[in-house]
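The chain contents come next:
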Amino acid sequence: MKYNLLTGIALLFIAMGCQPKVSWVNKELSTAIYREAGSKELTAVDPEKVGFPGGRGPDHLVAYTPAFGEQTGTNEWGSEAIIRNGIVVSVGGNNSAIPADGFVISGNESASLWISQNLNVGMEIRLEGNTLQYATTENTFIVQARQTYEKVLQRFETGKMTDGQAIKDFEELVQADFDALENAREQQHIDMALMYGKQLLDRSRKLYYSSFEPRENEFRGVWVRLADKTPEELKATIKRMADAGINAILPETIYNGYAIYPSAHPLLPQLPQFKGWDPMQIMVEECAKYGMQVIPWCEMFFIGGAQSPLVKQKPEWVGKFRHGEIFAVLEPGFHYFCPSRPEVADFLLTTIDTMLQRYPIPEVQLDYIRYSLSEPWDKGFCYCDYCRKNVKKKLNFDIMAISPDDKAEWEQWNNYRANNVTRFVEQVNELLQGKHRHVGLSVDVVPHPVKSLELKFQDWGTWVKKDQVDAVYIMSYAFDNMTVSNDAESLKEIVAGTDVSQIVGLGPYMGFKPETLLEQIEISREKGADGVCLFSFNALSDEQIEALKYGPFRSL
């Protein structure tokens, strides 16, 4: 049953010993005096239900009307806005119910980002053929504020928010904003009406952010590719992270054939932009001041593009794809070292060992601890001469002569690839247990272990069962909250009964709204995660950082 906003407010304020002031919530909105309009061409209206779920293909922006059916039928890889009686009533989710008195705007990939960045609750919107006409008015801010406040009351009623005084203080301030907005409209003062409308919405958002309360002993990490040009810039970035409530920084440390720190390995030069100083040392020292962890994020078998120093220096180590080239088609331009070569493992282990001897860090994180994407099979990896000879010797068949139709051989070939990755994880674990017992081992993985194994030979479920890793970070990057919920639940089930930490990686880089980020953090908590890691700090908007600071990442 839909929450009754008016009743909720009345009961809340009676319980708090004061008379409810609700006119800003239920007063009929006056005619708008400001209108900022735009238009957008659609890919289709009521697309044919072929090719893709709901007929929504890559980068498609489509409209679904009641003529299409009851649901849009779309998958989780996108976002939707629901329109009723010419007003946007919700943004987010997929496979939405199509209202009888409206329609649904649905987007995939870039079109999903367009929806997130351009459509807001309370906007006026209509269809004109294949063109979407939309407009923001001062009433848009009021409608958004009302809906946001309704969510706050729901959270207060269910016990998720405990600060009733904050709600009372908000009500008094926002009523004054609303009255001032109405007065400005009467006087036809557009700038003043907009100012008070935006202020009203800003107050409601901050109240909503604050309803997501902080949690003790929670991991709050961010991945980051350093862009700082000087030690001073890096120190300022670290302070900005600390001010946002972040307690762990995961800098991209080994990637594209380089390291961010000097003298990593004879084959691994320092990134040119860091010549003359050591970002890793700066991070270790500065993060200690703020009580933050530094966890180096290290890319293993992926070594960059054609210009990577590793590709140039060790071409014989570079793996080959089924189509005969050393670059990926499914991951365009990517080059990988062959995971089956002992020399590759030795190089990576030596690099990790040297780094851990030099810097006092609590955990090392392995990324691209997998094969390149290998589905469809005819573009798979790795078919280098070393693999062909090794498999021929061990399994007595030629990997270039088999296909999935050869079920027994194909299963052995898949197991061979998965075992190569697992063996390397075991080797890293042995290195840590033997020489760096204070250092934990974490891995970045595809959320679904079955897909991870089938597509990339990343058998992380086995790593957990064999106690080879200390933490698993799933990369659950999605607009859709249900996707995050399902991924986090799967992680919970796999690590059950172990001491492995559960970290849910979230994707604010996709451009979703700050409210979505907080909701996904809460979902991760409810599923038992030990914390979250955000990809990436470089992509966090000011609005998302503000939501974290006022909400779940604020100080206790």
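Quick caveat, the model's predicted, so the values are computed rather than measured.

Conventions we followed
One numbering rule holds for all chains: residues counted from 1, following each sequence as written. This being a predicted model, a pLDDT of at least 70 is required before a residue's local features are given, and a value of 80 or more before pairs of side-chain atoms are given or counted; all residues contribute to the totals for chains, interfaces and linings. Hydrogens are left out, water is left out, and the side-chain values use all remaining heavy atoms of the structure. Lining residues are those with an atom within 4 Å of a point, where the points come from a 1 Å grid over the protein atoms alone and group into cavities, where a 1.4 Å probe fits but cannot get out, or pockets, open sets with protein on both sides within 12 Å along at least five of seven lines. Grid points are joined across faces, edges and corners, and a volume is the space filled by probe spheres set on the points. Working definition: helices are DSSP H or I runs of at least four residues, strands are E runs of at least two. Numbering for both runs from the N terminus. Residue polarity follows a fixed list, in which Ala, Val, Leu, Ile, Met, Phe, Trp, Tyr, Cys and Pro are nonpolar, Asp, Glu, Lys and Arg are charged, and the others, Gly among them, are polar. The angle between two axes is taken between their N-to-C directions and runs from 0 to 180 degrees, where each axis is a line fitted to C-alpha atoms and a helix contributes only its stretch in contact. To sort the angles, those under 35 degrees are grouped as roughly parallel, those over 145 as roughly antiparallel, those from 65 to 115 as roughly perpendicular, and the leftovers as oblique. Crossing handedness: left-handed means the near helix sits turned counterclockwise from the far one by under a right angle, and right-handed means the same turn made clockwise. Contacts were defined at the residue level, with two residues in contact if any of their heavy atoms lie within 4.5 Å. A helix is expected to span 1.5 Å multiplied by its residue count minus one. Pairing of N or O atoms within 3.5 Å defines a polar contact, subject to two protein rules: one partner must be a possible hydrogen donor and the other a possible acceptor, and residues neighboring in sequence count only if both atoms are side-chain atoms. Burial here depends on accessible area, computed with a 1.4 Å probe over protein chains only, as a share of the maximum for the residue type. Under 20% is buried, over 50% is exposed, and the range in between is partly exposed. Each C-beta atom gives one direction from the helix axis, and the arc is the one those directions make. We call a set of buried residues a nonpolar core when its members are Ala, Val, Leu, Ile, Met, Phe, Trp, Tyr or Cys and they connect through side-chain atoms within 4.5 Å of each other. Criterion used throughout: strands pair if DSSP finds at least two bridges between them. As a per-residue measure, pLDDT reflects the predictor's confidence and takes values from 0 up to 100. Any two rings among Phe, Tyr and Trp, with Trp reduced to its six-membered ring, count as a pair given centres within 6.5 Å; such a pair is stacked if its planes are under 30 degrees apart, edge-to-face if over 60, and tilted if neither. Counted as over-ring charges are cases with an Arg CZ or a Lys NZ within 6 Å of the ring centre that also lie within 35 degrees of the ring normal. For this document, the term salt bridge refers to a Lys or Arg side-chain nitrogen within 4 Å of an Asp or Glu carboxyl oxygen. By disulfide we mean two sulfur atoms from cysteines, separated by a distance within 2.5 Å.

1. Digging into empty space enclosed by the protein
All told, the structure shown has one cavity of 30 Å³ or more when counted by the stated rule. Computed from the structure, the largest cavity encloses a volume of approximately 70 Å³. Looking at the largest cavity, it is lined by 13 residues, and the ones nearest its centre are Ile-254, Glu-299, Met-300, Ile-303 and Leu-310. Listed by contribution, the elements that provide at least two residues to the lining of the largest cavity are strand 10 (248–255), strand 14 (302–304) and helix 10 (342–358). Its residues assigned to classes, the lining of the largest cavity comprises ten nonpolar, two polar and one charged.

2. Section: the packing of helix 11 (residues 385–395) against helix 12 (residues 407–435)
The geometry of helix 11 relative to helix 12 is characterised by a closest axis approach of 12 Å and an angle of 120 degrees between their N-to-C directions. Relative to helix 12, helix 11 is oriented oblique. Crossing hand, helix 11 versus helix 12: right-handed. Where helix 11 abuts helix 12, its residues Cys-387, Asn-390, Val-391 and Leu-395 lie against Gln-412, Trp-413 and Tyr-416. The class makeup of the residues in the contact of helix 11 with helix 12 is five nonpolar, two polar and no charged.

3. A few points about helix 8 (residues 279–290)
With twelve residues, helix 8 ought to run about 16 Å at 1.5 Å a step, and its terminal C-alpha atoms sit 17 Å apart, in line with that. Between the side-chain oxygen at the start of helix 8 and the backbone nitrogen of Met-280 there is a gap of 3.0 Å, and the oxygen is on Asp-278. Directly beyond the C-terminal end of helix 8, a positive phi value near 70 degrees is found at Gly-291.

4. Examining the side chain of Ser-210
Mapping Ser-210 onto the fold places it in helix 6 (residues 190–210). For Ser-210, a relative accessible area of 18% puts it in the buried group. Here Ser-210 is in contact with Met-161, Tyr-550, Gly-551 and Arg-554, once residues within four sequence places are set aside.

5. A word on helix 7 (residues 231–243)
Relative to the 18 Å expected for 13 residues at 1.5 Å per residue, helix 7 spans 18 Å between its end C-alpha atoms, a close match to the ideal helical length. Taken together, the buried positions of helix 7 are Leu-234, Thr-237, Ile-238 and Met-241. Angularly, the buried residues of helix 7 cover 100 degrees about the axis, an arc narrow enough to put them on a single face. Summarising the contacts, the buried residues of helix 7 are in contact with strand 9 (219–224), strand 10 and helix 8.

6. Remarks on the nonpolar core
Ranked by size, the top nonpolar core spans 141 residues in total, and within it Ile-369, Phe-424 and Val-472 carry the most contacts. Top element by residues in this core is helix 12. It accounts for ten residues. When sequence neighbours within four positions are dropped, the list of residues in contact with Val-472 reads Val-443, Val-445, Trp-460, Val-464, Leu-491, Val-500, Ser-501, Gln-502 and Ile-503. Leu-42, Phe-103, Leu-119 and Met-123 belong to the second largest nonpolar core, which has 16 residues in total.

7. Points about the pairing of strand 5 (residues 87–91)
Within a regular strand, side chains alternate between the sheet's two faces. The sheet contact formed by strand 4 (residues 78–84) and strand 5 spans four bridges and is antiparallel. Residue pairing for strand 5: Ala-81 is matched across the bridge by Val-91. Counting the residues in the hairpin turn of strand 4 and strand 5 gives two residues, including Asn-85, whose phi is positive at 50 degrees.

8. Focus: the confidence of the model for the protein chain
Any residue range with low pLDDT should be treated as having predicted coordinates unsuitable for detailed reading. Overall, the predicted model of the protein chain reaches an average pLDDT of 95, with 96% of residues at or above 70. In this model, residues 1–7 is a region of pLDDT below 50 whose contacts with residues beyond four sequence positions or in other chains number twelve contacts. Here residues 13–21 scores under 50 on pLDDT; set against residues more than four positions off or in separate chains, the count is 15 contacts.

9. Quick notes on the packing of aromatic side chains
A complete count under the given rule lists 33 aromatic pairs for this structure. Relative to Phe-457, the ring of Tyr-371 has its centre 5.6 Å away and its plane inclined at 80 degrees; by these criteria the two rings are edge-to-face. Here Tyr-371, found in the loop between strand 16 (363–367) and helix 11, pairs with Phe-457, found in the loop between helix 13 (449–456) and helix 14 (460–465); they are 86 residues apart in sequence, far enough to count as distant. The cationic tip of Lys-49 hangs over the ring face of Phe-68; the distance from NZ or CZ to the ring centre is 4.6 Å. One Lys or Arg, Arg-417, reaches over the ring of Trp-410 and ends 5.7 Å from the middle of that ring.

10. Remarks on the pattern of salt bridges
According to the stated counting rule, one finds 29 salt bridges in the structure shown. Note that Arg-220 and Glu-218 form a salt bridge whose closest N and O atoms lie 3.4 Å from each other. For Glu-218, a relative accessible area of 5% translates into the label buried. In this structure, Glu-286 engages Lys-289 in a salt bridge whose closest nitrogen and oxygen atoms are separated by 2.8 Å. Of this pair, Glu-286 and Lys-289 both sit in helix 8, three residues apart, which is roughly one turn of that helix. The exposure class assigned to Lys-289 is exposed, which follows from its relative accessible area of 61%. Each of Lys-27, Glu-138, Glu-182 and Arg-185 takes part in salt bridges that share partners, so that together they form one network.

11. Quick look at the state of the cysteines
Under the counting rule described, the total for this entry stands at zero disulfides. With no disulfide of its own, Cys-338 lies 3.4 Å from the sulfur of Cys-387, the closest cysteine sulfur. This cysteine, Cys-382, is not joined by any disulfide, and Cys-384 carries the nearest cysteine sulfur, 3.5 Å off.

12. What to know about the environment of Gln-357
With respect to the element layout, Gln-357 can be found in helix 10. C-alpha of Gln-357 to C-alpha of Thr-498: the two residues are 141 residues apart in sequence and 29 Å apart in space. Beyond its immediate stretch of four places on either side in the chain, Gln-357 contacts Lys-435 and His-436.

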